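# Structural overview for review
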Amino acid sequence: MMHDRTGPTAAQMQQMAEAVRASLPPEFREQMQDIVLQVEDFATAEQLESVGLGDRWDLTGLYEGVALPDRSVWESGRMPARIWLFREPLIAEWRATGVHMEDLVRHVVVHEAGHHFGFSDDDMHQLEDEAD
């Protein structure tokens, strides 16, 4: 998907995120079918505070929900988990790094999905380092 320097629209970024989920191995895709993927221009003040950030340009994605290992079979009526992608910070990173937008979106979706599966940021950084 080609973009001019203005970057993708929210709808285009949503399509990229959905394509990432569709491309995951079946065992992961099945566990993510109820996750809502949502694109917004920026995180809210509450979302920034929840991860200890103060600058809305510093957050490109966020997982909100209860990780699979922390769920109970006795729970019901919970809102679906959500992976947020924040469009403007992603566009700024794309412009600054030259990394393909599809690759940035893939990284954010996979990283935030890692939280759904119970991985911490440190766990995921270690896995990424080992893969390099």
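The present account deals with the structure reproduced in this document. All of these numbers come straight from a predicted model, not from anything done at the bench.

As a further point, take the overall build of the protein. Tallying secondary structure elements over the protein gives six helices and three strands in all. The linear arrangement of helices and strands in the protein, starting from the amino end, is α-α-β-α-β-β-α-α-α. Taking all 132 residues of the protein together, the buried fraction comes to 35%. When the accessible surface of the protein is split by element, carbon and sulfur atoms take 52% of a total near 8000 Å².

On the basis of which strands lie adjacent, the open sheet formed by three strands has the order 1-3-2 and mixed pairing. Pairing within the sheet leaves two strands with one partner each, and these edge strands are strand 1 (36-40) and strand 2 (61-64). Going from strand to strand, the sheet's axes swing by 20° on average, the running direction of each strand aside. Where strand 1 lies against strand 3 (residues 82-86), five bridges are found, and the strand directions are parallel. Opposite Glu-40, over in strand 3, you have Phe-86 as the bridge partner. Along the sheet face, helix 1 (residues 10-23) touches strand 1 and strand 3 and points at about 150° away from the line of strand 1. Against the sheet, helix 5 (residues 101-116) engages strand 2 and strand 3, with an angle of about 150° to strand 3.

Relative to each other, helix 1 and helix 5 sit at 60°, their axes nearing to 9 Å. If you check the angle between helix 1 and helix 5, you find them oblique. In this structure, the crossing between helix 1 and helix 5 has a hand that is right-handed. Across the interface between the two elements, Met-13, Met-16, Ala-17, Val-20 and Ser-23 from helix 1 touch Met-101, Glu-102, Val-105, Arg-106, Val-109 and Val-110 from helix 5. Split into classes, the residues belonging to the contact of helix 1 with helix 5 amount to eight nonpolar, one polar and two charged.

All right, on to helix 1 then. Between its first and last C-alpha atoms helix 1 spans 20 Å; for 14 residues at 1.5 Å apiece the expected length is 20 Å, and the two agree. Along helix 1, the residues classified as buried are Met-13, Met-16, Ala-17, Val-20 and Arg-21. Relative to the axis of helix 1, the buried residues are bounded by an arc of 140° and lie together on one face. For helix 1, the elements touching its buried residues are helix 2 (26-31), strand 1, strand 3, helix 4 (87-97) and helix 5.

Attention shifts here to the nonpolar core. Ranked by internal contacts, the top residues of the largest apolar core, which has 22 residues, are Met-13, Ile-83, Leu-85, Leu-90, Met-101 and Val-105. Here this core gets six residues from one element, more than from any other, and that element is helix 5. Setting aside anything within four residues of it in sequence, one finds Ile-83 in contact with Met-32, Ile-35, Val-36, Leu-37, Gln-38, Leu-62, Tyr-63, Val-109, Glu-112 and Ala-113. Membership of the second largest hydrophobic core comes to six residues, among which are Ala-43, Leu-48, Leu-59 and Leu-62.

The subject of this paragraph is the pairing of strand 3. The element strand 3 is extensively covered by neighbouring structure, given that five of its five residues are classed as buried. In terms of strand pairing, strand 2 meets strand 3 through four bridges, oriented antiparallel. Within strand 3, the residue paired with Leu-62 across the bridge is Trp-84.

What counts and what doesn't
In this convention, every chain numbers its residues from 1, walking through the sequence in written order. A pLDDT threshold of at least 70 governs which residues receive local features in this predicted model, and a stricter bar of 80 or more applies before side-chain atom pairs are shown or counted, although totals over entire chains, interfaces and linings include all residues. Hydrogens are left out, water is left out, and the side-chain values use all remaining heavy atoms of the structure. Under the DSSP-based scheme used, a helix requires at least four consecutive residues in state H or I and a strand at least two consecutive residues in state E, with every element numbered from the N terminus. Partly exposed residues are those whose accessible area sits between 20% and 50% of the maximum for their type, while under 20% is buried and over 50% is exposed, using a 1.4 Å probe and protein chains only. Only the protein chains shown count as cover for residues, and the accessible areas themselves come from Shrake-Rupley with a 1.4 Å probe. Any two strands with at least two DSSP bridges between them are considered paired. Lines are fitted to the C-alpha atoms to define the axes, a helix being fitted only along its stretch in contact, and any angle between axes, read from their N-to-C directions, falls within 0 to 180 degrees. In this analysis, two residues are considered to be in contact whenever any of their non-hydrogen atoms come within 4.5 Å of each other. Here roughly perpendicular refers to angles of 65 to 115 degrees, roughly parallel to angles under 35, roughly antiparallel to angles over 145, and oblique to all remaining angles. A crossing counts as left-handed when the near helix is turned anticlockwise from the far one by less than a right angle, and as right-handed when that turn is clockwise. Each residue is assigned to one class: nonpolar for Ala, Val, Leu, Ile, Met, Phe, Trp, Tyr, Cys and Pro, charged for Asp, Glu, Lys and Arg, and polar for all the others, Gly among them. Each residue after the first adds 1.5 Å to the expected span of a helix. As used here, the arc belongs to the directions running from the helix axis to the C-beta atoms. Residues enter a nonpolar core if they are buried and are Ala, Val, Leu, Ile, Met, Phe, Trp, Tyr or Cys, with the set joined through side-chain atoms within 4.5 Å.

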